[in-house]
Amino acid sequence: MQNDPTLDVNLTRALDESKRLADSIRPGSDRWDVIVVGSGAAGGMAAFQLAMAGVKVLLLEAGRMIDVRTEYRTMEWPYASMRRNRLPPGERPIDVAEYSFLDRPYGSNPAFEKHKKVLSYAANRFTRNWVVDERQHPTTGTPYAWVRSRILGGKTNFWGRGALRYGPLQFNAASRDGFDVDWPISYDDVKPYYDKVDVLLGCSGTIEGLMQVPDGVFQRPSKLNCVEVAFKRAVAKMGRHYIPGRAGVTTDGVLNNKYRARCAGRGRCGRGCDIQAAFHSPTALIYPARDSGNLTVRPYSIVSEVLVGEASNRASGVRVIDANTREVMDFKAPVLVLGAGTLDTTRILLNSRSSAHPGGLGNSSGLLGCYLSEHIMGIRGSGYIPARIGTEATLDDGRPVAPYVPRFRNVTDRHPDFIRGYHFQGGGGCAEFPGMAHDIPGYGKAFKSNVRKYYPAIISLGGFGEVLARKENRVALDPAVKDAWGIPVLRFDYRFGDNELKMAKDMADSIEEMLTAAHAEDIKIEREPLPPGWSIHEIGTARMGDDPRTSVTDRYCRLHDAKNVYIADAAPFVCGGTQNTTWSILAMAWRTMDYLKERLRAGDA
Amino acid sequence: MHDGGINRRQALKALGTGIGAAAALPWLSDGGLLAFARIQETNAPPQLKVLSRSQFATLEVLVDAIIPTDDRSPGAKQARVADYIDLLLSEVDRETTLAWFGGLAALDAEATSRFRVPFARLGAGQLDAILQTISRNERAPQTPLETFFVIAKQATIRGYYTSSIGIHEELRYKGNQFLREFAGCQTEDGQDCPHCGQKHHAE
């Protein structure tokens with residue numbers, strides 16, 4: 001207990017429920033048709049699709065259950081505690097510079113000796129009970145800011161809500177610029193699933209007719225605030241778009257879900273939306289699936305490996321280590337769906353070593369763990385829009401996401417320095433905390449009045465650039481280091497390449513160009529990228545393809561090497577454009593489950 | 001219960017609250033409630049955690065010089081930024097705490113050598129003279145006092161603009177409330193916008 005109401009959150013209900021479920025659900029305590037591993041966007045959608053179709057599902061979550069009624073504290077003010085936004089003394093997030101300069105594993109550094117828990121940069125007073133302790137979950141190799149969350153719903157409890165679709169520029173990227181290979185499927189294969197996800201979960205946005213980011217079935221869009229309108233008008237003259245952000249948040253309400261209400265424009269969705277307008281896997285997918293009577297959820301279930309059956313091309317179940325008791329249990333089912341997140345799914349498969357699969361299950365191509373990709377970010381620009389300097393505050397942040405500049409490089413033209421592209425996300429106006437105050441010089445009444453003078457005028461945008469899927473960017477099992485449960489950890493071998501760095505330079509130049517066009521004052525440009533992994537958009541380490549020699553899964557995200565093992569997360573994605581990943585995970589997971597349901601109906605799963 | 005003439009009801013009244021607030025503070029005994037009421041009333045700091053009385057007094061003067069009271073809203077002292085920093089220093093590593101102790105002592109030394117009084121007792125003009133000196137190279141501080149100014153200013157900004165005074169009275173932040181719909185710039189609704197002066201029809 002910290003004697004701090006913002007930190008002493010009552011978890012009794014969630015912990016009691018977790019214990020009850022973990023105690024009662026045992027191997028053989030029931031029969032399941034399918035085991036799903038992970039409960040975030042991927043596992044949540046997989047479990048929902050199957051359970052709603054009458055399939056008996058066992059969902060294994062490595063963390064505990066969540067009590068969304070007490071743990072989502074959407075409207076809590078920072079002054080609820082004199083500690084404000086700081087974590088309690090024993091807990092410490094890794095900061096930006098430390099990711100690059102401290103040795104791995106991060107948690108073992110002397111810098112953290114005095115801390116009980118070392119957390120990723122995503123830890124704050126709202127997420128601190130959800131993100132993992134780096135000491136229990138080490139990584140080795142090159143720097144990588146790997147954000148993991150072991151709790152029902154995973155990272156969807158605090159995700160950024162950017163709900164963008166991949167389009168032809170992603171599925172057919174190689175055909176356009178000759179780099180790497182196309183996806184084995186096209187946008188037309190996935191479009192119906194994006195549409196269904198939009199309708200099921202709710203997606204706010206505007207119809208724009210842009211091929212670089214296809215339109216969806218949108219609910220009421222966000223509006224731009226004053227500084228954003230000024231920016232939009234300026235960049236329109238350059239032929240660029242600045243459009244309302246597309247958010248995985250229901251602004252008009254969704255049908256058939258009693259847990260969710262529509263958006264009430266309060267902002268601060270990233271700490272969990274307590275009216276469930278934002279998509280969070282527990283209330284949007286898992287609770288409704290459980291209500292069907294077909295879903296069993298077992299928390300505290302850390303999957304260490306997939307077990308291979310008598311036929312070497314079929315899995316028989318998974319080995320589970322109970323996170324609390326450390327008891328080892330083998331759960332069996334005819335079909336497995338892995339949705340532990342791109343990198344943890346890959347780790348489970350790499351660790352599933354047998355005489356028939358010495359390099360891990362699904363690794364006959366030798367490519368499992370290769371082609372790790374995400375987004376290079378951190379390049380950003382800010383400035384003050386003259387029309388709002390010196391005006392009174394307006395309500396500028398009551399919406400689920402900020403607007404966005406869709407990709408404009410290599411869409412219709414060809415950039416001389418790099419292939420693929422980037423987009424910018426960000427907006428401005430009055431926020432709860434005036435971060436710009438740190439850049440206002442001086443002290444006293446002049447300082448104070450300058451803060452409020454420039455406060456409504458700030459605009460700030462950051463880039464997200466495609467990291468090319470390259471074979472040499474990869475993860476493997478570390479031969480020596482193990483996590484707190486004795487499971488080998490991932491060793492990263494991942495770096496930004498020449499294309500990314502040239503793209504980053506152009507990002508910085510173009511944001512400066514756009515802010516200048518908007519007549520912004522005091523323009524500041526950050527040219528250094530954030531550490532690898534920062535985007536939390538990791539994809540690609542079990543890539544899909546039609547040829548088992550050059551890919552890990554088939555076009556339905558099923559392992560070439562094990563016909564009853566499917567992947568629901570982003571590990572099979574071939575390339576990821578500039579788009580935030582979650583909406584594609586949801587659409588692809590739905591598509592994969594439709595295929596699996598067909599196989600089950602045909603008795604051929 | 002009586003204590004210096006104030007009973008529980010009067011204490012609640014002093015808090016500007018009624019039965020509801022008492023129900024929300026169930027852990028407070030009558031004595032605790034009275035102490036709480038006095039803190040609210042007098043703005044007296046709670047028990048200090050790290051700083052001595054005189055260090056605290058120096059710090060209060062410093063943060064209030066960085067963000068003072070003006071016509072619009074109270075300053076950092078009333079927003080209890082010094083309490084925020086005291087708690088902060090009780091939880092950071094010892095080196096950071098010692099750096100703050102050193103900074104506060106250096107402020108006193110500067111005040112004494114220039115004006116022959118401790119920092120907390122400087123007149124307004126004297127205080128301003130010292131602040132001017134130590135904020136001179138804010139972008140690239142050269143001396144220990146210049147460095148301390150930057151550290152103290154950043155902490156003051158964090159403490160002040162996360163306080164109720166900073167958010168509601170100074171910035172007049174309007175978010176974090178239930179809306180029927182987010183309004184945005186009024187040009188978005190086909191009107192000229194009174195907040196930014198932009199016309200519905202872009203030039």
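All values reported here derive from a predicted model rather than from experimental measurement. (Residues numbered from 1 in each chain as written. Chains lettered and ligands numbered in written order. Predicted model: local features only at pLDDT ≥ 70, side-chain atom pairs only at ≥ 80, totals over all residues.)

Enquirer: For this particular structure, what's the right way to read the interface of chain A and chain B?
Expert: How big an interface is tends to be reported as the loss of accessible area on association of its parts. Each side of the interface is counted separately: chain A has 46 residues, and chain B has 44 residues. Secondary structure elements with two or more residues in the side of chain A that touches chain B: α8 (226–236) and α11 (444–454) of chain A. When residues in the side of chain A that touches chain B are grouped by element, the largest group, five residues, is from α11 of chain A. (Contact = placed C-beta atoms within 7 Å. Helix = DSSP H or I, 4+ residues; strand = E, 2+ residues; numbered from the N terminus.)

Enquirer: Is there a simple way to think about helix α4 (residues 53–66) of chain B in this case?
Expert: For α4 of chain B, built from 14 residues, the straight-helix expectation of 20 Å at 1.5 Å per residue is met to within 8% by its first-to-last C-alpha distance of 20 Å. Burial of α4 of chain B is extensive: ten of the 14 residues sit out of reach of the surface. Turning to α4 of chain B, its buried residues are Q55, T58, L59, E60, V61, L62, V63, D64, A65 and I66 of chain B. Residues of α4 of chain B that are buried in the fold lie against α11 of chain A together with α5 (81–91), α6 (94–115), α7 (124–134) and α8 (144–160) of chain B. (Expected span 1.5 Å × (residues − 1). Buried ≥ 20, exposed ≤ 12 C-beta atoms within 10 Å, placed from the backbone.)

Enquirer: Explain unusual backbone geometry to me, please; I cannot follow it from the model alone.
Expert: Note: most peptide bonds trans; most residues except glycine with negative phi. All names here are of chain A. Of the consecutive residues R104 and P105, the connecting peptide bond is found in the cis state with omega at -5°. Structurally, the position occupied by P105 is in the loop between α4 (96–101) and β4 (117–119). The phi angle at Y300 is positive, at roughly 55°, despite the residue not being glycine. Its location among the elements puts Y300 in the loop between β6 (295–298) and β7 (301–308).

Enquirer: What's the story with the sheet that holds strand β8 (residues 315–322) of chain A in this structure? I'm lost.
Expert: Strand pairing in a sheet is mediated by backbone hydrogen bonds. Such pairs are either parallel or antiparallel. Residue and element names in this part refer to chain A. Strand order in the open sheet made by the three strands is β7-β8-β9, with antiparallel pairing throughout. Where the open sheet ends on each side, the last strands, each with one partner, are β7 and β9 (328–332). Between one strand axis and the next, the sheet turns by 30° as a mean value, whatever way the strands run. For β7 and β8, the ladder comprises seven bridges, and the chain directions are antiparallel. Pairing of V308 across the sheet is with A315, part of β8. (Pairing = 2+ DSSP bridges. Axes fitted to C-alpha atoms, helices over the stretch in contact; angles between N-to-C directions.)

Enquirer: Which parts of the structure should I look at to understand the domain arrangement of chain A?
Expert: Per the domain assignment, the segments making up chain A are domain 1 (12–161 + 269–373 + 475–493 + 536–601) and domain 2 (222–245 + 376–466 + 496–531). Tallying the contact residues gives eleven residues for domain 1 of chain A and eleven residues for domain 2 of chain A. (Domains from an automatic or database assignment.)

Enquirer: Would you mind going over the pairing of strand β11 (residues 375–384) of chain A with me for this structure?
Expert: Residues in a regular strand point their side chains to alternate faces of the sheet. Residue and element names in this part refer to chain A. Counting buried residues in β11 gives ten out of ten residues, a clear majority hidden from the surface. Summarising the sheet, β11 and strand β14 (residues 458–466) pair through eight bridges and their orientation is antiparallel. Across the sheet, the residue bridging to M377 is F464, located in β14. Relative to strand β17 (residues 521–526), β11 runs antiparallel, the two sharing four bridges. Bridge pairing in β17 places R380 opposite E526.

Enquirer: What should I look at first to understand the nonpolar core in this one?
Expert: Residues and elements named next belong to chain A. Counting 226 residues, the largest nonpolar core has I35, A47 and V57 as its most contacted members. At nine residues, helix α13 (residues 582–601) tops the list of elements feeding residues into this core. Leaving out residues up to four positions away in the same chain, V57 has contacts with W32, D33, V34, V36, A47, L50, A51, N294, L295 and T296. (Core = buried A, V, L, I, M, F, W, Y, C linked by C-beta atoms within 7 Å.)

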